[in-house]
Structure formats: C-alpha cells, structure tokens
Amino acid sequence: MPRFSYRAVNSAGETVQGEMEAGDRDSLVRALRDQGYMPVHTEKRTGPARAAAKPAARRGRQGRVTQQGLALFTRELATLLGAGLPIDRALTTLAGQDEAGAMAGVAQHLLEAVRGGAGLADAMARQPGAFPAFYVGLVRAGEAGGTLTEVLTNLADTEERAESLRQDIRSALTYPVLVLIAAGAAIVILLVAVVPEFEPLFANAGDALPWSARAVLAVSDAFRAYWWALPAAVLAGAALAVQARRSPRLRAVRDTWAMRLPGTAPLIRKIEAARFTRALGTLLRNGVDAATAIDMAVDTVGNTRLAAALGSVASRLRRGEGLAQPLAAANAFPPLATQLMEAGEQSGHLDRMLLTVAGIYDQEVRRDTQRLLQLLVPMVTLLLGVVVAAIMGAILSAILSSYQIPGA
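Residues numbered from 1 in each chain as written. Predicted model: local features only at pLDDT ≥ 70, side-chain atom pairs only at ≥ 80, totals over all residues. Heavy atoms only, no water.

## Quick look at the overall build of the chain
For the record, the criterion: Think of it this way: any DSSP run of H or I at least four residues long counts as a helix, any run of E at least two long counts as a strand, and we number them from the N terminus. The buried label applies to any residue whose accessible area, calculated with a 1.4 Å probe on protein chains only, is under 20% of its type's maximum; exposed applies above 50%, and partly exposed to all values in between. For this analysis, residues touch if any pair of their heavy atoms sits within 4.5 Å. Here the open area of atoms and residues is found with the Shrake-Rupley method and a 1.4 Å probe, where only the protein chains shown may cover a residue.
What the chain contains, in helices and strands, is 17 helices and 4 strands. A burial count over the chain gives 41% of its 408 residues as buried. Long-range pairs, those at least 24 residues apart, make up 63% of the contacts in the chain between residues at least 6 apart in sequence. About 21,600 Å² of surface is accessible on the chain, with carbon and sulfur atoms providing 58% of the total.

## Thoughts on the packing of aromatic side chains
This is how it is decided: Think of it this way: a Phe, Tyr or Trp ring, Trp meaning its six-membered ring, pairs with another when their centres are within 6.5 Å, and the plane angle makes it stacked under 30 degrees, edge-to-face over 60, tilted otherwise. Note on criteria: charge over ring means Lys NZ or Arg CZ within 6 Å of the ring centre, with the direction from the centre no more than 35 degrees off the ring normal.
Taken as a whole, this structure holds 4 aromatic pairs when the rule is applied. Relative to Y135, the ring of F131 lies with its centre 5.2 Å away and its plane at 40°, an arrangement referred to as tilted. For the pair F131 and Y135, one class covers both residues: buried. A centroid spacing of 6.1 Å and a plane angle of 75° characterise the contact between Y226 and W228, whose relative ring orientation is edge-to-face. Among the residues examined, Y226 registers a relative accessible area of 53% and is labelled exposed. Taken together, the ring pairs connect F73, F131 and Y135 into an aromatic cluster. Between R260 and the ring centre of W257, over which it is positioned, the NZ or CZ distance is 5.4 Å.

## Some points on the environment of Q97
Examined against the element boundaries, Q97 turns out to sit in the loop between α3 (87-95) and α4 (102-115). Remark: the alpha-carbon pair of Q97 and A107, spanning 10 residues in sequence, is separated by 9.7 Å.

## Overview of the nonpolar core
Just so we agree on the cut-off: Residue types Ala, Val, Leu, Ile, Met, Phe, Trp, Tyr and Cys, when buried and joined through side-chain atoms within 4.5 Å, form a set referred to as a nonpolar core.
By size, the foremost hydrophobic cluster in this structure holds 72 residues, and its most contacted members are F73 and F131. Apart from the residues lying within four places of it in its own chain, the contact partners of F73 are L91, L94, M103, A107, L110, M124, F131 and Y135. If you look at the next biggest cluster of nonpolar residues, it comprises 13 residues, including V195, V216, I391 and I395.

## A few points about the packing of helix α2 (residues 67-82) against α4
The cut-off we apply is this: Orientation is described by axes fitted as lines to C-alpha atoms, over the contacting stretch for helices, and by angles from 0 to 180 degrees between their N-to-C directions. Any angle that is under 35 degrees is reported as roughly parallel, and any over 145 degrees as roughly antiparallel; angles of 65 to 115 degrees are reported as roughly perpendicular and all others as oblique. Each crossing gets its hand from how the near helix is turned against the far one by less than a right angle, where anticlockwise is left-handed and clockwise is right-handed.
Where α2 contacts α4, the axes come no closer than 10 Å and their chain directions differ by 50°. As judged from the angle between their axes, α2 and α4 are oblique. Judged by the twist between their axes, the crossing of α2 over α4 is right-handed. Across from G69, L70 and F73 in α2, the residues of α4 making contact are M103, A107 and L110.

Written as structure tokens, this is what we have:
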C-alpha cells in the first residue's frame with residue numbers, strides 16, 4: 001500500500017505533519033478527517049519513512065520566493081480559510097512551517113502586518129517581490145467582496161497552471177542542454193588530448209601541411225595555452241545573464257533580439273499570451289474593472305518589448321475602444337488570441353474566453369516546445385558529428401600529405 005506524507009491542522013489550530021499508509025489520496029484525506037485533522041498538503045512518498053506526526057517549526061527560512069512556493073502558499077491559505085480559521089490563525093499556521101522556506105518568513109511578516117490592523121492585500125503589497133500586482137489586486141477585490149477564499153482558490157489554480165507550464169518547458173530543455181554540454185566536452189577533449197598526439201608527426205612539415213590541419217593544430221595549441229579562458233568565458237556569460245535579468249536596459253536588448261529570431265519569436269508570443277490572458281481573465285472574473293485589470297495583467301508579461309507594446313491598451317480601453325482592437329493593433333499576441341477575445345467581448349463572456357485562450361496557448365506552447373526539441377537534439381548530434389569528422393579529416397589529410405613531404 002502506498003505511503004503518503006501529509007501536513008494538516010488539528011483542532012487546536014496547530015500544524016502537524018507525518019506519514020500514513022492509504023490506498024489513495026482520497027482515502028488519506030478521509031482518514032485524517034476521521035482523526036480530527038484538516039489536511040493542508042499531501043504527497044506520495046517514494047523514499048524511506050520519516051517520523052510520525054510532530055508540531056511544525058515556528059518560523060521558516062528567508063530567501064527568494066519562487067512561483068512554486070507562492071502556488072503552494074496560496075493553496076494552503078485558501079484551504080485553511082475554507083476550513084473556518086480566521087486570517088491570523090491561518091497565517092500563524094503557515095508561518096510555522098519550516099519546510100515552507102521563504103514563504104514561511106513572508107507569512108510571518110503578513111501576520112505581523114495583519115495583527116497591526118492592515119488588510120491582507122495591503123500587507124502583501126508591503127512585501128516587495130513576493131506577490132505580483134495582479135495577485136494583490138485580486139486579494140483586495142476578494143476582501144472587498146467577501147469572497148477571499150474563492151479568490152485564493154482561483155489564484156492557486158492560476159499559479160499552479162503557470163508553474164506546471166514553466167516546469168514542462170524547463171524539463172523539456174534539460175536533455176538538449178546536456179547534449180550540448182557533452183558535445184562541447186567531447187570536442188575540447190579531442191582538441192586537448194587527442195590532436196597533440198599527432199603533432200610529432202608534423203614537426204618538420206611547416207607550411208607544407210594542408211591549411212585544415214594547420215588550423216586544427218593552432219586551435220589545439222590555443223586551447224592548451226589558454227585553457228583558463230574557457231571557464232572564465234562561462235563565468236562571464238553567467239554573470240552577464242544575471243545582469244541582463246536585473247538591468248532594464250540589458251533586458252530590453254535581450255528581449256528585442258529574442259523577438260527577432262524566427263524560431264523563438266512565435267513561441268514567446270504564445271507564452272506571453274497564455275500568461276496575460278490567464279491573469280486578465282482571473283482578474284475580470286473576480287470583479288476587477290477592465291482598465292485596472294489590464295494594467296495588472298501587463299505586469300505578468302515577462303518580455304519587456306511586448307509589455308511596452310501593451311502599455312497603451314488600458315488608455316485606449318478607457319476611451320471606449322474595447323479590448324480586442326487595441327490588442328490587435330499592439331501586435332503583441334497571435335491573431336487567434338485577439339479574434340477569440342473579440343468574440344468574448346461580443347458575447348459578454350470575456351473573462352471566460354480569456355481563460356479559454358490561456359488554456360489553448362498552454363497546450364500550444366507544450367506542443368511547440370516538444371517539436372523544437374525534436375529538431376534540436378538531432379541537429380546538435382549532427383553538428384557534433386560534423387565537427388569531429390572535420391577534425392579527424394584534417395588530421396588524416398595531414399598524415400597522408402606527410403608521406404609526400406621530403407624528410408618527413
């Protein structure tokens with residue numbers, strides 16, 4: 001029978017965690033409720049069993065808030081509020097989860113602000129980098145309308161779908177990256193360890209060697225003499241990538257070039273269309289006015305060039321031009337997205353159509369990513385084969401020509 005780890009809230013409002021055998025998750029949830037626990041999180045165990053239920057630690061670690069951590073925090077907060085706990089008790093529970101990492105520290109700060117008289121949305125707005133603008137706006141709308149639990153549940157669904165898409169893309173890129181690393185390592189080893197073994201054969205050849213062999217030998221000598229330049233270049237590239245994420249100017253340059261590449265531009269448009277329409281649809285569904293919702297949804301767009309193109313949409317919407325036409329004029333998303341939005345506007349179900357568009361492009365991004373990777377891996381393998389064949393061909397041509405060199 002499978003074994004599950006769980007985290008739950010007991011009748012005293014304390015968080016407990018432990019492990020239990022159950023046929024499936026539903027059986028586990030029923031068993032926990034029979035014991036007086038309100039399940040918050042369950043996970044199927046694949047490793048050795050851990051200790052039985054115990055109180056959680058008081059405060060989590062500080063660090064960077066991840067999208068996965070935010071999704072889990074939102075789901076657990078919605079579950080606790082749905083179980084009838086007041087907001088301060090729910091935040092106390094989340095702040096006491098040691099395994100929650102950075103979000104436990106964030107929950108502690110939220111708890112202190114709420115106990116000081118701030119609303120939850122105001123408290124979240126005081127946590128820079130932890131909660132996106134559209135997230136805070138939805139929480140504010142939920143507090144005003146008395147639907148905070150429903151809003152948090154919808155937000156949890158939104159964050160989990162976005163995290164799932166991000167993980168799919170990251171997982172799909174893992175294998176090609178490993179192939180590229182292996183290909184680069186094989187070429188470096190060939191140039192550093194194999195090619196030098198042939199150099200004594202060509203010591204007296206001079207300019208009589210074919211140009212291809214001279215080029216390979218020169219590259220091999222450069223690799224051996226300046227081997228330190230390769231890790232230095234890798235570190236410099238990593239530092240530049242980090243700086244590009246932090247610097248608005250470098251991000252703008254990077255995003256502009258990304259939108260000019262024929263292979264990546266359509267995929268980027270679909271990724272951003274999924275993000276924007278999901279955020280906007282969620283905001284509209286929870287009662288946020290359209291102009292404010294667009295401003296918040298634009299903050300979820302990661303590509304600065306597309307975000308700049310969307311900057312004028314809210315102002316045009318306030319002038320009564322609707323949503324679909326300004327979006328089409330901005331040329332930020334695929335035509336199908338704006339056509340479906342226009343149909344949603346005409347039918348009076350724009351929020352529903354926006355979420356439908358998000359689902360469509362989630363699937364298209366997964367499909368396009370898989371298609372690109374199916375082409376990328378053979379191309380990398382073929383490129384490796386061509387480079388290795390070129391190096392060995394140059395050496396063989398030099399060996400053959402050495403028989404024609406006097407004194408060789």
